[in-house]
Amino acid sequence: MSRPTASGSMDAAQLRPTAAAAKAREPMNVLIVGVGGQGVIMVSKALASLAQSKGHQVKQSEVHGMAKRGGTVFSHVRFGPQVWSPTIPKGEADILVALEWAEGLRWLPYLKPDNGIFICDTKRIVPPFACLNRRPGAPLRYSRETPAEVTAHVAEGYAIDATDMAENLGNERAANVVLIGALSTALDFSASDWEAALTEFVPKKTIAVNLEAFRLGRSWIEQARIATPEAEPPAAAPAPAHLAYSVRLEITPEWCKSCDICVKLCPERCLRLNAERVVELAQPEKCSGCRLCELLCPDFAIRVHLDAALKQGSDLAAAGSRP
Ligand code: SF4
Ligand code: SF4
């Protein structure tokens, strides 16, 4: 125990912890962001639970109340020997995991500028208010930055087409687990510990596909890390959001309960119920792709695809980005 010196004051060296000791006591800050329905909270809960099981003190805070479908959702997870505050200050996130492209950009100021790691799905969920002009195919008010442009401005960045990977595995909803796989490579927990934690948080019947998604995300990042400098992608590519796109509605007739909500609230009045009382796109030339029908349908019977824009986004993601 430190004792007062003859002069009555503590030895200064004994009082001040070394920088290394102070650093060791700093919590790990992980910020997870996305939009409603993507599984942000599941990612943060799995991480918090795993950290707690390893003896860390954990604090987690989240905002998702108004984001049932399509709104902003974010979760701060902090863990370490001692954590005082549940929220991560600006510029202090060690890792930013974004499940949606524009949300990732929105939260970038929270990332540590010198050594923060940015892991972002290139999935673009364009909100209805991005349709400024109701003309079909009109430019959207949405991020125009390309993955290469964005990741060039962070210490370590990965733009990963997690949604596409999950779709290829047969379950688009496993995109958040692809990102957990990517996140796992930046933390000290073992892959088997992550997998054990995941099995507790995903529905039982989806355990197999989620474990596959986890391994896919993990190996994608590992591959990106070992990529040679010669394999670096081209720096900048044309921005996608102002390019022409076409709208495609994917309607699942078996899920439509004929409630008429989408028909009544479509701003362009281009939907109707057919003779079987199932929704159909009666006037495709009028559809602006605003996605209100998708967001309002209580039965998830409609999905709106902005094909050209999304394809462009995927191409850019395939070009990839590495530290
Ligand atoms: S059909 Fe859907 S996406 Fe098209 S204009 Fe109507 S609400 Fe918007
Ligand atoms: S809101 Fe959904 S369930 Fe209701 S009519 Fe439209 S597609 Fe069918």
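As shown above, the structure is provided for reference.
Residues numbered from 1 in each chain as written. Chains lettered and ligands numbered in written order. Predicted model: local features only at pLDDT ≥ 70, side-chain atom pairs only at ≥ 80, totals over all residues. Heavy atoms only, no water.

Asks: Got a sec to walk through the site of ligand 1? Specific residues and values, please.
Replies: The local shell around ligand 1 holds 13 residues, among which Cys266, Cys287, Cys290, Arg291 and Cys293 are the closest. Partitioning the shell around ligand 1 into residue classes produces nine nonpolar, two polar and two charged. (Near = heavy atom within 4 Å. Nonpolar A, V, L, I, M, F, W, Y, C, P; charged D, E, K, R; others polar.)

Asks: Quick rundown of the pairing of strand S6 (residues 156–160)? Include the residues and the values.
Replies: Counting buried positions along S6 yields five of five residues, so the element is predominantly enclosed. Here S6 shows a buried face lined by Glu156, Tyr158 and Ile160 and a second buried face lined by Gly157 and Ala159. In this structure, strand S5 (residues 117–121) lies alongside S6, joined through five bridges in parallel fashion. Paired with Cys120 across the two strands is Ala159, which belongs to S6. (Buried < 20%, exposed > 50% of the residue type's maximum accessible area, 1.4 Å probe, protein only. Helix = DSSP H or I, 4+ residues; strand = E, 2+ residues; numbered from the N terminus. Pairing = 2+ DSSP bridges.)

Asks: Lay out the packing of aromatic side chains in plain terms, naming residues and giving numbers.
Replies: A complete count under the given rule lists five aromatic pairs for this structure. Consider the rings of Phe74 and Trp107, whose centres lie 4.6 Å apart with planes at 50°: the pair is tilted. Pair noted here: Phe74 is in strand S3 (residues 72–80) and Trp107 is in the loop between helix H4 (101–106) and S5, with a separation of 33 residues, a long-range link. Taken as a pair, Phe74 and Trp107 share a single burial class, namely buried. Grouped by ring-pair contacts, the aromatic residues Phe79, Phe189, Trp194 and Phe214 constitute a single cluster. (Phe/Tyr/Trp six-rings, centres within 6.5 Å; stacked < 30°, edge-to-face > 60°.)

Asks: How would you explain the site of ligand 2 if you had to name every residue and give the values?
Replies: Around ligand 2, the surrounding shell holds 14 residues, and the nearest of these are Cys256, Cys259, Asp260, Cys262 and Cys297. Considering only residue class, the shell around ligand 2 consists of ten nonpolar, one polar and three charged.

Asks: Break down the pattern of salt bridges for me, citing the residues and quoting the values.
Replies: Summed over all chains, the structure comprises 13 salt bridges. Between Lys54 and Asp193 there is a salt bridge, and its shortest N-O distance comes to 2.9 Å. Of the two residues, Lys54 is situated in the loop between helix H3 (40–53) and strand S2 (57–63) and Asp193 in helix H8 (residues 191–201); the sequence distance between them amounts to 139 residues. Linked through salt bridges whose partners overlap, the residues forming this network are Lys123, Glu167, Glu172 and Arg303. (Salt bridge = Lys/Arg side-chain N within 4 Å of Asp/Glu carboxyl O.)

Asks: Outline the side chain of Glu100, listing residues and values.
Replies: With respect to the helices and strands, Glu100 occurs in the loop between strand S4 (95–98) and H4. Of the polar contacts made by the side chain of Glu100, one reaches the backbone nitrogen of Ala102; its length is 2.9 Å. Separated by 2.9 Å, the side chain of Glu100 and the backbone nitrogen of Glu103 make a polar contact. Not counting residues within four places of it along the chain, the set of residues in contact with Glu100 comprises Val33, Gly34, Val35, Gln38, Cys120, Asp121, Lys123, Arg124, Ile125 and Tyr142. (Polar contact = N/O pair within 3.5 Å; in protein donor to acceptor, adjacent residues only side chain to side chain. Contact = heavy atoms within 4.5 Å.)

Asks: Tell me what's going on with the sheet that holds S4, and back it up with residues and numbers.
Replies: Across the sheet, which stays open at both edges, the six strands sit in the order S2-S3-S1-S4-S5-S6 with mixed pairing between neighbours. Single-partner strands in this sheet number two, and they are S2 and S6. Each strand of the sheet is rotated relative to its neighbour by a mean of 10°, with strand direction disregarded. Against the sheet, helix H7 (residues 175–184) touches strand S1 (28–35), S4, S5 and S6, its axis set at about 160° to S5. (Axes fitted to C-alpha atoms, helices over the stretch in contact; angles between N-to-C directions.)

Asks: Outline unusual backbone geometry, supporting the account with residue identities and numerical values.
Replies: At Arg277, a position not held by glycine, the phi torsion is positive, near 65°. Structurally, Arg277 can be placed in the loop between strand S8 (271–273) and strand S9 (279–281). Among the residues examined, Arg277 registers a relative accessible area of 46% and is labelled partly exposed. With a phi angle near 55°, Phe300 is a residue other than glycine that sits in the positive phi range. Its location among the elements puts Phe300 in the loop between helix H11 (292–296) and strand S10 (302–306).

Asks: Which residues make up the packing of H3 against H8, and what values go with them?
Replies: It is the contact of H3 with H8, at a shortest axis distance of 9 Å, that shows an interaxial angle of 130°. Relative to H8, the element H3 is oriented oblique. Relative to H8, the crossing made by H3 is right-handed. Mapping the contact onto sequence places Met42, Lys45, Ala46, Leu47, Ser49 and Leu50 in H3 and Asp193, Trp194, Ala197, Leu198, Glu200 and Phe201 in H8. Grouping the amino acids of the contact of H3 with H8 by side-chain chemistry returns eight nonpolar, one polar and three charged. (Parallel < 35°, antiparallel > 145°, perpendicular 65-115°, else oblique. Left-handed = near helix turned anticlockwise from the far one by under 90°.)

Asks: Quick rundown of the pairing of S10? Include the residues and the values.
Replies: Of all the five residues making up S10, four are buried; the element is thus mostly covered by neighbouring parts of the structure. Taken together, the five bridges between strand S7 (residues 247–251) and S10 define a ladder with antiparallel strand orientation. Looking across to S10, one finds that Glu250 is bridged to Arg303.

Asks: Break down the side chain of Thr185 for me, citing the residues and quoting the values.
Replies: Topologically, Thr185 is positioned in the loop between H7 and H8. A relative accessible area of 19% means that Thr185 is categorised as buried. Engagement of the side chain of Thr185 in a polar contact is seen with the side chain of Arg225, the distance being 3.2 Å. Residues within four places of Thr185 in sequence aside, it is in contact with Arg218, Ile221, Glu222 and Arg225.

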